[in-house]
Amino acid sequence: MASNNEMNPVIPAADIDWDVESATFDEEPDHGLRDPVVREAWAARLRTWLPERAADVLDLGCGTGSLSLLASEWGHRVTGVDFSPRMVDLARAKLAGRDAAFLVGDAAAPPIGEQRFDVLLCRHVLWTLPDPGRVLRHWCGLLRPGGRLVLVEGVWGTVSPVGISADRLTALLEPLAEDVRVERLSDDSHLWGREVEDERYAVVAIV
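One structure accompanies this document, and this report is about it. Because the structure is a prediction, the values reported are computed rather than measured.

**A few points about unusual backbone geometry**
- Of note in the backbone geometry, Leu 33 takes a positive phi value of approximately 55 degrees without being a glycine.
- Along the polypeptide, Leu 33 turns up in the loop between α2 (29–32) and α3 (36–49).
- We classify Leu 33 as buried; its relative accessible area is 5%.

Right under this line is the structure:
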């Protein structure tokens with residue numbers, strides 16, 4: 001997703017053709033979770049962020065469905081949404097036969113009708129969306145009472161940093177959530193398949 005190398009500044013997400021990127025997307029350790037160590041690191045974190053009981057999970061910006069697959073393996077019912085049709089095709093193939101559905105659509109306004117969820121999971125997407133405060137208010141409305149937002153975000157790059165800081169995100173969530181917890185992720189190299197120096201974190205907010 002991002003680089004700490006000053007010679008390789010982060011490319012804005014809006015400038016990326018995600019259909020093209022889908023062909024190699026899973027080659028990144030934290031995208032495809034093909035390395036057993038990386039996969040287990042994400043599984044261990046995600047277990048603590050999701051409810052213990054089976055829940056309805058909305059995975060926004062789901063990509064190829066790697067986190068959706070982990071959630072599905074634990075009995076959660078998953079609906080994934082991604083703007084890229086090719087990403088959605090790959091997610092559908094990855095979770096074929098499971099209790100999961102994938103839709104092409106905008107993460108800011110997912111095409112889910114009146115359906116409501118217990119968990120809204122979103123990794124490395126909110127920072128790309130215009131007016132994140134408005135988006136968060138809309139997302140909270142997609143949750144059942146007592147539902148939770150699980151947001152994995154960060155600030156990437158050193159030359160022209162992009163992203164959303166934990167301080168800014170928690171400030172946006174404070175009027176919307178009863179409880180907001182931040183979990184720092186930068187120091188866990190197993191999640192990324194390498195050491196990282198930029199800001200990476202997860203926020204779990206009960207609304």
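**Side note on the packing of aromatic side chains**
- Tallied over the full model, the rule gives three aromatic pairs.
- Taking the centre distance of 5.4 Å and the plane angle of 85 degrees together, the rings of Trp 42 and Trp 192 count as edge-to-face. Residue Trp 42 is found in helix α3, and its partner Trp 192 is found in helix α8 (residues 189–192); the two are separated by 150 residues along the sequence.
- Here the aromatic rings of Trp 127 and Trp 156 are separated by 5.5 Å at their centres, their planes lie at 55 degrees, and the arrangement is tilted. Of the two residues, Trp 127 sits in the loop between β4 (117–123) and α6 (132–140) while Trp 156 sits in strand β5 (residues 143–156), which places them 29 residues apart along the sequence.
- For Trp 127, a relative accessible area of 16% corresponds to the buried category.
- Judged by relative accessible area, which is 0%, Trp 156 ranks as buried.
- Members of the aromatic cluster, each reached through a chain of ring pairs, are Trp 42, Trp 49 and Trp 192.
- The residue whose ring lies beneath Arg 123 is Trp 42, and the NZ or CZ to ring-centre distance is 4.6 Å.

**Side note on the side chain of Arg 200**
- Following the sequence through the fold, Arg 200 ends up in strand β8 (residues 199–206).
- Reaching out from Arg 200, the side chain makes a polar contact with the side chain of Asp 198 at a distance of 2.8 Å.

**Remarks on the pairing of strand β2 (residues 77–82)**
- Of all six residues in β2, five are buried; the element is thus mostly enclosed.
- Summarising the sheet, strand β1 (residues 56–60) and β2 pair through five bridges and their orientation is parallel. When the bridges of β2 are listed, Leu 58 appears paired with Thr 79.
- As paired elements, β2 and strand β3 (residues 100–104) share five bridges and run parallel to each other. By the bridge assignment, Thr 79 is partnered in β3 with Ala 101.
- Considered for its hand, the β-α-β crossover made up of β2, helix α5 (residues 85–94) and β3 is right-handed.

Rules used throughout
Residue indices begin from 1 for each chain and proceed along its sequence in written order. For this predicted model, a pLDDT threshold of at least 70 governs which residues receive local features, and a threshold of 80 or more governs which side-chain atom pairs are given and counted, while totals over whole chains, interfaces and linings are taken from all residues. Calculation of side-chain values draws on the structure's entire complement of heavy atoms; hydrogens and water are dropped beforehand. Helix numbering and strand numbering both begin at the N terminus, where a helix is a DSSP run of H or I of at least 4 residues and a strand a DSSP run of E of at least 2. Relative accessible area decides the class of each residue, using a 1.4 Å probe on protein chains only: under 20% of the type maximum gives buried, over 50% gives exposed, and in between gives partly exposed. Stacked, tilted and edge-to-face are the three classes applied to pairs of Phe, Tyr and Trp rings, where Trp contributes its six-membered ring and a pair requires centres within 6.5 Å; stacked means planes under 30 degrees apart, edge-to-face means over 60, and tilted covers the rest. Sitting over a ring, as applied to charges here, requires NZ of Lys or CZ of Arg to be within 6 Å of the ring centre and within 35 degrees of the ring normal. Under the rule applied, a polar contact is a pair of N or O atoms within 3.5 Å (in protein, one hydrogen donor and one hydrogen acceptor; residues adjacent in sequence only if both atoms are side-chain atoms). Strands are treated as partners if at least two bridges between them are detected by DSSP. We call a crossover right-handed when, viewed with the strands running away from us, the connection from the first strand over the helix to the second turns clockwise.

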